[in-house]
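# Fold and geometry: a report
Spelled out, the chains give:
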Amino acid sequence: MNKIKKTIFYVVNIIIGIITFYAYIYFWVLFSWGKPFQLNSLEALLSLALGAVLFLGINYFLLKNETASRNYWWIGSGIAFLTILIIVSIIEFS
């Protein structure tokens with residue numbers, strides 16, 4: 001994978017993590033109306049489904065012609081998950 005495509009890959013997976021987090025916040029406000037955050041709720045399911053569809057679609061498009069794509073799938077999922085974890089940590093501890 002060349003440098004430009006690798007940079008796009010990293011940035012896109014960071015954006016997918018950000019979109020997934022903010023989709024959870026949006027769905028929480030839309031459906032919960034002030035109830036506390038819950039990870040086993042409709043909001044979490046919808047935001048994870050949206051994030052998974054984005055992740056699978058975009059990464060399939062980026063990695064369809066790569067020879068060692070299995071490693072990049074793991075790297076992409078790690079980047080997206082760490083992005084969500086970093087955002088939650090910043091919000092929680094600030």
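Scroll up a little and you will see the structure.
Below is a short write-up of the structure. Model, not experiment: these values are computed from the prediction. (Residues numbered from 1 in each chain as written. Predicted model: local features only at pLDDT ≥ 70, side-chain atom pairs only at ≥ 80, totals over all residues. Heavy atoms only, no water.)

## Some details on the pattern of salt bridges
Enumeration according to the criterion identifies one salt bridge in this entry. Between lysine 5 and glutamate 66 there is a salt bridge, with its nearest N and O atoms 3.4 Å apart. One end of the pair, lysine 5, is in helix α1 (residues 3–32); the other, glutamate 66, is in the loop between α2 (42–63) and α3 (69–93), with 61 residues separating them in the sequence. Given the relative accessible area of 25%, lysine 5 is considered partly exposed. (Salt bridge = Lys/Arg side-chain N within 4 Å of Asp/Glu carboxyl O. Helix = DSSP H or I, 4+ residues; strand = E, 2+ residues; numbered from the N terminus. Buried < 20%, exposed > 50% of the residue type's maximum accessible area, 1.4 Å probe, protein only.)

## Considering the packing of α1 against α2
Where α1 contacts α2, the two axes come as close as 8 Å, and the packing angle between them is 160°. For the element pair α1 / α2, the angle class is roughly antiparallel. When you trace α1 past α2, the crossing you get is right-handed. When the residues that make up the contact of α1 with α2 are grouped by side-chain class, the tally is 20 nonpolar, six polar and two charged. (Axes fitted to C-alpha atoms, helices over the stretch in contact; angles between N-to-C directions. Parallel < 35°, antiparallel > 145°, perpendicular 65-115°, else oblique. Left-handed = near helix turned anticlockwise from the far one by under 90°. Nonpolar A, V, L, I, M, F, W, Y, C, P; charged D, E, K, R; others polar.)

These values are about where atoms sit, not about what they do.
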